[in-house]
Amino acid sequence: MKKLLFISLTLLLGAAAVASGTIEGEVQKQPLNVSAIIMFLLFVSGTLGITYWAAKRTKTAKDFYTAGGGITGFQNGMAIAGDYMSAASFLGISGLVYLKGYDGLIYSIGFLVGWPVILFLVSERLRNLGKYTFADVAAYRLKQTPIRTLAAFGSIATVILYLIAQMVGAGKLIQLLFGLPYELAVVLVGALMILYVTFGGMLATTWVQIIKAILLLSGATFMAIAVMAHFGFSLETMFAKAVEVHPNHQAIMAPGGLVSDPVSAISLGIALMFGTAGLPHILMRFFTVADAKEARKSVFFATGFIGYFYILTFIIGFGAIIMVLNNPQYLDVAKQAVSGGSPILGGNNMAAIHLSHAVGGNFFLGFISAVAFATILAVVSGLTLAGASAISHDLYANVFRRGSVDEMKEMKVSKIATVILGIVTIILGIAFEKQNIAFVVGLAFAIAASANFPVLFLSMFWSKLTTRGAVLGGSLGLAAAVMLVILGPIVWVQIFGYETAVFPYKYPALFSVTVAFLGIWFFSITDNSENAKNEREAFEAQDIRSQTGIGAEGASAH
Amino acid sequence: MTKEQIEHVRNNPKYQKLVKGRSRFAWTLSIIMLVVYYAFILTIAFDPSALGTRMGDGVMTIGIPIGIAIIIIAFLLTGIYVRRANSEFDALSHQVKEELKDIA
């Protein structure tokens, strides 16, 4: 296995070296960036080194799924931040601020406020009840087979949708930054992610996420300080300059069109809040710490890092308005000739990347490009591990083998699942290259909020929940989320090309989450079976464990 | 857990104090967060210009400090919860566990 790792490492570095050669041949818009390639290679070899180290320590299923439960609260907080701060939030939110100003901040706040609620209501109960996946918690006192099947289905759907979005973004970004062909970029990301997860499991994934969080936070901090220094550390001076140069002028200092009607506003809020609390790769991180105390600390640090990061992206977006917009160096002349205005090379999401060049030259551009790549790798690794765990721990070990399975066998299945998931992701990433994927992340959040979250939440808080209620209600929530996204304006109008949407709102969560909760409630209270009676009676023992941690999974000895 | 153990924990006043205190605290903080966030987002939905009101003579609008404040509030609330949970609630839950050992 070690030999295999070594060979793959050599192959990968080789592929990257060849790729860096091809850039020279086809430099179109982006100049050849040697420092970006060097820093990227450093990151890849460093993280593969960690994977090698982690592989030697990953001996049991517990090591593989949860890094032995020995991650500290601070480390896990960093890793959660590394898992959550995707390239989409770094480039997308700073790009949104660059384009519309204040609206970017509204978006960031929505992504942050779910965290305190996760801490207050979910994190410690989850830690006290679960082992490897959130389905452990949902199925704690309910029937294993149906609940785990539903939870695994919700997890895999969320993971694959999220992976598609990350892969397509990764391919385009790398194509632009490093000049690599799109397909090669997607294959490279997929191959690295398979290596990290199959060999290093949760331990390697955690450290990849921690390193990425440190790199991203320090890079963003440097950029924000450089921007602020430019304006004598006065926000007012910076905003005044931005208002002067931005075509929308004073309007960038106030909410624009992001949330226009109350229903969309509430629905977006519910999707972000409950969706975050239903993302399998995020929930899984709570099993990597020793106890409830460390689980709480994790969220405290994660909220701090993520909140700080969003404040930085706001400053970075404004910095880009001043230093990138109207700067002939970053102007996409070809595009301007067609559509007018002052489009920047690579589109609005490249605002932060161009800003890194404006404040720190080629060297810093290289650093930020490598960080953007590292960001994608860290996020896809966490997602793949969560998806593979749902397949091996929930579907294989508990549904297919009814819980009687050798640990080594389960781990092997998990690794096979990782490889398959990786290959599927690469294929989907290539297939979706030219597709409009604007709906994908929204759909992932909608499913997480409408299928995963209600079942998980009520299994911990509502004593009258029964298997029938959870399965029927959760499935209804899932179906409603998928249906409403398809019938909504993004898919129905933008993709299918119909005149008007059947369902008028972009965010279905308000409706689909309500359907899920009502469904679970109705089918639980009307469930008079013997089984339902036993499940209700089992709540008290579960509740005592969730409240106190009596009988909870501890950390491994090593 | 046996029936006797469940019975014991359920009747332990420390356990009751823990559950009651923590659940009240957790829900209070959750509701504060929800009220703050939905007040913000509904203001945007119903009266977007409100947050665009300028402060003083400059270009700065009240929306900027309010937005940043919500991020800071989110972080502070997690800090407040962790502080109390890691001391008071953990101490209580530790005692409940110890007392359960005594009867075993």
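Criteria and thresholds
Residues numbered from 1 in each chain as written. Chains lettered and ligands numbered in written order. Predicted model: local features only at pLDDT ≥ 70, side-chain atom pairs only at ≥ 80, totals over all residues. Heavy atoms only, no water. Helix = DSSP H or I, 4+ residues; strand = E, 2+ residues; numbered from the N terminus. Rg over C-alpha atoms; globule rule 2.2 N^0.38 Å. Buried < 20%, exposed > 50% of the residue type's maximum accessible area, 1.4 Å probe, protein only. Contact = heavy atoms within 4.5 Å. Areas by Shrake-Rupley, 256 points an atom, 1.4 Å probe, with all protein chains shown as cover. Patch = residues over 30% accessible without salt bridge, like charges linked within 9 Å, V, L, I, M, F, W, Y side chains within 5 Å. Salt bridge = Lys/Arg side-chain N within 4 Å of Asp/Glu carboxyl O. Phe/Tyr/Trp six-rings, centres within 6.5 Å; stacked < 30°, edge-to-face > 60°. Buried area = accessible area lost by both parts, 1.4 Å probe. Polar contact = N/O pair within 3.5 Å; in protein donor to acceptor, adjacent residues only side chain to side chain. Expected span 1.5 Å × (residues − 1). Bend = angle between axes of the 7 residues up to and from the residue. Axes fitted to C-alpha atoms, helices over the stretch in contact; angles between N-to-C directions. Parallel < 35°, antiparallel > 145°, perpendicular 65-115°, else oblique. Left-handed = near helix turned anticlockwise from the far one by under 90°. Nonpolar A, V, L, I, M, F, W, Y, C, P; charged D, E, K, R; others polar. pLDDT = per-residue confidence, 0-100.

As a further point, take the overall build of chain B. The helix and strand inventory of chain B stands at three helices and zero strands. Beginning at the N terminus, the succession of helices and strands in chain B can be written as α-α-α. Its C-alpha radius of gyration of 22 Å places chain B more than 25% over the 13 Å reference for a compact globule of 104 residues. A total of 104 residues make up chain B; the buried ones form 43% of that total. A fraction of 62% describes how many contacts in chain B between residues 6 or more apart in sequence connect residues 24 or more apart. Carbon and sulfur atoms make up 64% of the accessible area of chain B, which totals about 5,600 Å².

The next thing to look at is the overall build of chain A. In terms of regular secondary structure, chain A is built from 23 helices and zero strands. Taken against the 2.2 N^0.38 rule, which gives 24 Å for 558 residues, the C-alpha radius of gyration of chain A at 23 Å falls within 12% of a compact globule. Counting the 558 residues in chain A, one finds 61% classified as buried. Taking contacts inside chain A between residues at least 6 apart in sequence as the whole, the part at least 24 apart equals 83%.

A few words on a nonpolar patch on the surface. On the surface, Val482, Ile486, Ile495, Phe496 and Tyr498 of chain A cluster together into a nonpolar patch covering about 410 Å² of accessible area. For isoleucine 495 of chain A, the location among the structural elements is in helix H20 (residues 489-495).

The next thing to look at is the packing of aromatic side chains. Residue and element names in this part refer to chain A. Inspection of the entire model under this criterion finds 37 aromatic pairs over all chains. Ring plane angle 70° and centroid distance 5.9 Å describe the contact between phenylalanine 74 and phenylalanine 305, whose orientation is recorded as edge-to-face. Here phenylalanine 74, found in helix H4 (residues 73-84), pairs with phenylalanine 305, found in helix H14 (residues 292-323); they are 231 residues apart in sequence, far enough to count as distant. Owing to a relative accessible area of 42%, phenylalanine 74 belongs among the partly exposed residues under this scheme. Take phenylalanine 305: its relative accessible area is 17%, and that puts it in the buried class. Between phenylalanine 111 and phenylalanine 445, the aromatic rings sit 5.8 Å apart at their centres with planes inclined by 80°, giving edge-to-face as the arrangement. Taken as a pair, phenylalanine 111 in helix H6 (residues 103-112) and phenylalanine 445 in helix H18 (residues 438-461) lie far apart in primary sequence, 334 residues in all.

Let's shift gears to the pattern of salt bridges. Overall, the coordinates contain 16 salt bridges over all chains when judged by the stated rule. Here lysine 14 of chain B makes a salt bridge to glutamate 99 of chain B, at a shortest N to O gap of 2.8 Å. Within this pair, whereas lysine 14 of chain B is found in helix H2 (residues 13-46), its partner glutamate 99 of chain B is found in helix H3 (residues 63-103), the two being separated by 85 residues in sequence. Classification of glutamate 99 of chain B as partly exposed rests on a relative accessible area of 25%. Measuring nitrogen to oxygen at the nearest pair gives 3.0 Å for the salt bridge that ties glutamate 88 of chain B to arginine 84 of chain B. Separated by four residues within a single helix, glutamate 88 of chain B and arginine 84 of chain B lie in helix H3, roughly one turn from each other. Since its relative accessible area comes to 35%, glutamate 88 of chain B is described here as partly exposed. What you see here is one network of salt bridges that share partners, running through Glu124, Lys293 and Arg296 of chain A together with Arg22 and Asp90 of chain B.

Here we come to the interface of chain A and chain B. Each side of the interface is counted separately: chain A has 51 residues, and chain B has 50 residues. For the pair chain A and chain B, the summed buried surface comes to about 4,700 Å²; carbon and sulfur atoms form 74% of the total. When the buried surface of chain A facing chain B is broken down by residue, Phe120, Arg296 and Gln547 of chain A rank first, second and third, together holding 14% of it. Along the contact surface separating chain A from chain B lie four salt bridges. Salt-bridge contacts for arginine 10 of chain B lead to glutamate 540 of chain A; the nearest nitrogen and oxygen are separated by 2.5 Å.

This part is about the environment of asparagine 86 of chain B. Its place among the elements puts asparagine 86 of chain B in helix H3. When sequence neighbours within four positions are dropped, the list of residues in contact with asparagine 86 of chain B reads Lys293, Arg296 and Lys297 of chain A. Within the structure, asparagine 86 of chain B has its side chain in polar contact with the side chain of arginine 296 of chain A (distance 2.5 Å).

So, on to helix H16 (residues 351-400) of chain A. Residues and elements named next belong to chain A. Given a rise of 1.5 Å per residue, 50 residues ought to cover 74 Å, yet the end C-alpha atoms of H16 are separated by just 49 Å, more than 12% below that figure. Maximum bend of H16: about 140°, positioned at glycine 360. With respect to burial, H16 is a largely interior element, 41 of its 50 residues being buried. Downstream of H16 by a residue or two, arginine 402 has a phi angle that is positive, lying close to 50°.

Time to look at the packing of helix H9 (residues 144-178) of chain A against helix H10 (residues 182-230) of chain A. Residues and elements named next belong to chain A. Contact pair H9 / H10: the axes reach a minimum separation of 8 Å and the direction vectors enclose 125°. As summarised for this structure, H9 and H10 are arranged oblique, according to the angle between their axes. For H9 against H10, the interelement crossing comes out right-handed. Between H9 and H10, the contacting residues are Leu163, Met167, Val168, Ala170, Gly171, Lys172, Ile174 and Gln175 on the first element and Tyr182, Ala185, Val186, Val189, Gly190 and Met193 on the second. Partitioning the contact of H9 with H10 into residue classes produces ten nonpolar, three polar and one charged.

Residue and element names in this part refer to chain B. One can find threonine 28 in helix H2. On the basis of relative accessible area, threonine 28 is assigned to the partly exposed category, the value being 40%. A distance of 2.5 Å separates the side chain of threonine 28 from the backbone oxygen of arginine 24, its partner in a polar contact.

In this section: the side chain of threonine 303 of chain A. Locating threonine 303 of chain A in the fold gives a position in helix H14. Overall, threonine 303 of chain A belongs to the buried group, its relative accessible area being 1%. Here valine 299 of chain A takes part through its backbone oxygen, which lies 2.6 Å from a polar atom of the side chain of threonine 303 of chain A. Each residue touching threonine 303 of chain A, except ones within four places of it in the same chain, is listed here: Leu112 and Trp115 of chain A together with Ala74, Phe75 and Thr78 of chain B.

Attention shifts here to the confidence of the model for chain A. On average, residues of chain A score 88 in pLDDT, and 94% of them are at 70 or above. Predicted confidence is poor over residues 11-29 of chain A, with pLDDT under 50, and the contacts of this stretch with residues over four places away or in other chains come to 21 contacts.

What follows covers the packing of helix H12 (residues 262-276) of chain A against helix H21 (residues 509-525) of chain A. Residue and element names in this part refer to chain A. Here H12 crosses H21 at 60°, and the two axes come no closer than 7 Å. One finds that H12 runs oblique with respect to H21. Contacts between H12 and H21 involve Val263, Ile266, Ser267, Ile270, Ala271 and Phe274 on the former and, on the latter, Ala509, Leu510, Phe511 and Val513. By residue class, the composition of the contact of H12 with H21 is nine nonpolar, one polar and no charged.

Let us look at unusual backbone geometry. With phi around 70°, asparagine 326 of chain A is a residue other than glycine that occupies positive phi space. Tracing the backbone shows asparagine 326 of chain A in the loop between H14 and helix H15 (333-339).

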